[in-house]
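Take a look at the letters that make up each chain.
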Amino acid sequence: MTKEFSADRLDIRAFTQQQGELEGAEALQHYPRLAQDQPADTAGQVRWHAQGFEEGDDARGKQSWLHLEAETVLRMTCQRCLQPADITVAVDRDFRFVADEDAALGQDDDSDEDILVFDKQFNLHELIEDELLMETPMVPMHDACPQAVVLESSTQGFETATEGKPNPFAALASLRIEKSGE
């Protein structure tokens, strides 16, 4: 018997036991936190694929896993040239499921994988959005900026323009010398 699965209310235990598979491509606006800083005319998509599986033997008990791949392109401002940049954000991660929060907290520090709690109403779209947000770069940059980037600390002619002017602190230095000579 094959069960139909919904990404909005996913029974993780059944999904992993049946080695379920879901995939989709939705408009970026379906993920409000990802879309909130995007220009209004952005027509991006989030493409994703999720596969459930069990690992382990019957003696130790089988563990439920979810493999998630997701990808989107976000329009961001390059922090090097300050021009718009299309930044690809991708996730390729495995999640292991445990019975309750106490088990998750107890195992989280000792495991390399991400641990989540079983939920019969698990929202896969929320997980996709969370993971893509965590992969979004804090300092987005083009691989190669489309125009030359000026990397100067001062403008040309700055040093020569200040050469002839007296140092405003020179008068203070003379006051200090006069006072110590008294």
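Caption draft 1: Layout of the overall build of the protein chain. Counting its regular elements, the protein chain contains six helices and five strands. Walking the protein chain from its N terminus toward its C terminus, one meets helices and strands in the order α-β-α-β-β-β-α-β-α-α-α. For the protein chain, buried positions account for 32% of its 182 residues. Nonlocal contacts in the protein chain, meaning residues at least 24 apart in sequence, comprise 55% of its contacts between residues at least 6 apart. Element-wise, carbon and sulfur atoms account for 48% of the exposed surface of the protein chain, whose accessible area totals about 12600 Å².

Caption draft 2: The pattern of salt bridges, seen in detail. All told, the structure shown has six salt bridges when counted by the stated rule. Across the pair Asp130 and Arg33 runs a salt bridge, and its minimum N-O distance is 2.5 Å. Note that Asp130 is positioned in helix H4 (residues 124-135) and Arg33 in helix H2 (residues 32-35), a separation of 97 residues in sequence. Taking the shortest distance from any N to any O, the salt bridge between Arg93 and Glu131 comes out at 2.1 Å. With a gap of 38 residues between them, Arg93 in strand S4 (residues 84-98) and Glu131 in helix H4 connect regions that are remote in the sequence.

Caption draft 3: Examining the packing of aromatic side chains more closely. Following the criterion strictly, the structure yields four aromatic pairs and no others. Seen from their ring centres, Phe5 and Phe15 are 5.0 Å apart, and the 85° between their planes marks the pair as edge-to-face. With Phe5 in the segment before helix H1 (12-17) and Phe15 in helix H1, this pair connects stretches of sequence that are ten residues apart. Both residues of the pair, Phe5 and Phe15, belong to the buried class. Ring geometry for Phe97 versus Phe122: centroids 5.6 Å apart, planes at 85°, classification edge-to-face. Taken together, the positions of Phe97 in strand S4 and Phe122 in the loop between strand S5 (114-117) and H4 put the pair 25 residues apart, joining distant regions of the chain. On the basis of relative accessible area, Phe97 is assigned to the buried category, the value being 4%.

Caption draft 4: The nonpolar core, seen in detail. Within the largest apolar cluster, 34 residues are counted, with the highest numbers of intra-cluster contacts made by Trp48, Leu124 and Ile128. Of all the elements in the fold, those that place two or more residues in this core are H1, H2, strand S2 (45-55), strand S3 (63-77), S4 and H4. Looking at which element gives the most residues to this core, the answer is S4, with six residues. Residues within four places of Trp48 in sequence aside, it is in contact with Ala7, Leu22, Glu23, Gly24, Ala25, Glu26, Tyr31, Glu69, Ala70, Leu124, His125 and Ile128.

Caption draft 5: Main features of the sheet that holds S5. Here five strands make up an open sheet; going across it, the order is S1-S2-S3-S4-S5 and the pairing mixed. Two strands lie at the open edges of the sheet, namely strand S1 (21-27) and S5, each paired on one side alone. Put simply, the sheet's adjacent strands are angled 25° from each other on average, direction ignored. Bridging between S4 and S5 involves four bridges; their strand directions are parallel. In the strand pairing of S5, Phe97 is matched with Leu116.

Procedures and definitions
Residues numbered from 1 in each chain as written. Predicted model: local features only at pLDDT ≥ 70, side-chain atom pairs only at ≥ 80, totals over all residues. Heavy atoms only, no water. Helix = DSSP H or I, 4+ residues; strand = E, 2+ residues; numbered from the N terminus. Buried < 20%, exposed > 50% of the residue type's maximum accessible area, 1.4 Å probe, protein only. Contact = heavy atoms within 4.5 Å. Areas by Shrake-Rupley, 256 points an atom, 1.4 Å probe, with all protein chains shown as cover. Salt bridge = Lys/Arg side-chain N within 4 Å of Asp/Glu carboxyl O. Phe/Tyr/Trp six-rings, centres within 6.5 Å; stacked < 30°, edge-to-face > 60°. Core = buried A, V, L, I, M, F, W, Y, C linked by side-chain atoms within 4.5 Å. Pairing = 2+ DSSP bridges. Axes fitted to C-alpha atoms, helices over the stretch in contact; angles between N-to-C directions.

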